[in-house]
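Observations on the three-dimensional arrangement
Now for the letters of each chain:
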Amino acid sequence: MSILCPTPPHLLVDRRNRPYFLWDVDVTIDGLRERLSCGAREVRGYWAAKLMRQAKPDDVFAFISLGEIESLWPELERHLGKSRSFWTWILGMWGVRVAG
């Protein structure tokens, strides 16, 4: 994903190390990374979807890969809300197989 333009690290978080896209929960960058790497697929799917729903698309890939999104799709798609159609479309454009 070298063509992406992610948010610079100093603008990604507030003074308490919480990312801008997790405005509704008290979770730091490290806490997000822990949730995305835990063993439970349901937990990983929920947090991946929250990330995909609330962060700029370019920032998503600083935390999760296309392969992980593809693998977790069954767990995360139900949590995408209104952004589901965007992610289904863009992932399809990139050749990632997800159910539409």
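Note that the structure is predicted; figures quoted are calculated from it, not measured.

**Re the overall build of the protein**
- Of the regular secondary structure elements, the protein holds six helices and zero strands.
- Expressed as lengths along the three principal axes of its C-alpha atoms, the size of the protein is roughly 40 × 30 × 20 Å.
- Within the protein, the fraction of its 100 residues that count as buried is 38%.
- When contacts within the protein are restricted to residue pairs at least 6 apart in sequence, those whose partners lie at least 24 apart make up 52%.

**Some details on the environment of leucine 51**
- Mapped onto the elements of the fold, leucine 51 is located in helix α3 (residues 41–54).
- A relative accessible area of 0% places leucine 51 in the buried class.
- Residues contacting leucine 51, with those up to four places away along its chain left out, are Phe21, Leu32, Leu36, Val60, Phe63 and Ile64.

**Regarding the packing of helix α2 (residues 29–37) against α3**
- It is the contact of α2 with α3, at a shortest axis distance of 7 Å, that shows an interaxial angle of 130°. Here α3 runs oblique to α2, going by the angle between their axes. Between α2 and α3, the residues in contact are Leu32, Arg35, Leu36 and Ser37 and Val43, Arg44, Trp47, Ala48 and Leu51, respectively.
- Broken down by class, the residue content of the contact of α2 with α3 amounts to six nonpolar, one polar and two charged.

**Some remarks on the packing of helix α5 (residues 66–76) against helix α6 (residues 84–93)**
- Contact pair α5 / α6: the axes reach a minimum separation of 12 Å and the direction vectors enclose 125°. In this view, α5 runs oblique relative to α6, as classed from their interaxial angle. Read as a crossing pair, α5 and α6 show a hand that is left-handed. Residues Leu66, Ile69 and Trp73 of α5 form the contact with α6, whose participating residues are Trp87, Thr88 and Leu91.

**Let's talk about the confidence of the model for the protein**
- Per-residue pLDDT for the protein averages 92, and the proportion of residues at 70 or more is 96%.
- For the protein, helix α1 (residues 9–12) is the element with the lowest average pLDDT, namely 90, and α3 is the one with the highest, namely 97.

**Re the nonpolar core**
- Of all hydrophobic cores here, the largest spans 28 residues; its most connected members are Leu32, Leu51, Val60, Trp73 and Trp87.
- Contributing elements (two or more residues each) for this core: α2, α3, α5 and α6.
- No other element matches α3, which puts five residues into this core.

**Quick word on a nonpolar patch on the surface**
- Side chains of Phe86, Trp89, Met93 and Trp94 sit close together on the surface and give an oily, nonpolar patch of about 460 Å² of accessible area.
- Structurally, tryptophan 94 can be placed in the segment after α6.

**A closer look at the packing of aromatic side chains**
- A full pass over the atoms with the stated rule returns seven aromatic pairs.
- Aromatic pair phenylalanine 21 and phenylalanine 63: ring centres 5.7 Å apart, planes at 75°, arrangement edge-to-face. Taken as a pair, phenylalanine 21 in the loop between α1 and α2 and phenylalanine 63 in the loop between α4 (57–60) and α5 lie far apart in primary sequence, 42 residues in all. We note that phenylalanine 21, like phenylalanine 63, is buried.
- The interplanar angle of 80° and the centroid separation of 5.3 Å between the aromatic rings of phenylalanine 86 and tryptophan 87 together place this pair among those described as edge-to-face.
- For phenylalanine 86, a relative accessible area of 33% gives the class partly exposed.
- Pairwise contacts between aromatic rings join Phe61, Phe86, Trp87, Trp89 and Trp94 into one cluster.

Conventions adopted
- Residues numbered from 1 in each chain as written.
- Predicted model: local features only at pLDDT ≥ 70, side-chain atom pairs only at ≥ 80, totals over all residues.
- Heavy atoms only, no water.
- Helix = DSSP H or I, 4+ residues; strand = E, 2+ residues; numbered from the N terminus.
- Buried < 20%, exposed > 50% of the residue type's maximum accessible area, 1.4 Å probe, protein only.
- Contact = heavy atoms within 4.5 Å.
- Axes fitted to C-alpha atoms, helices over the stretch in contact; angles between N-to-C directions.
- Parallel < 35°, antiparallel > 145°, perpendicular 65-115°, else oblique.
- Nonpolar A, V, L, I, M, F, W, Y, C, P; charged D, E, K, R; others polar.
- Left-handed = near helix turned anticlockwise from the far one by under 90°.
- pLDDT = per-residue confidence, 0-100.
- Core = buried A, V, L, I, M, F, W, Y, C linked by side-chain atoms within 4.5 Å.
- Patch = residues over 30% accessible without salt bridge, like charges linked within 9 Å, V, L, I, M, F, W, Y side chains within 5 Å.
- Areas by Shrake-Rupley, 256 points an atom, 1.4 Å probe, with all protein chains shown as cover.
- Salt bridge = Lys/Arg side-chain N within 4 Å of Asp/Glu carboxyl O.
- Phe/Tyr/Trp six-rings, centres within 6.5 Å; stacked < 30°, edge-to-face > 60°.

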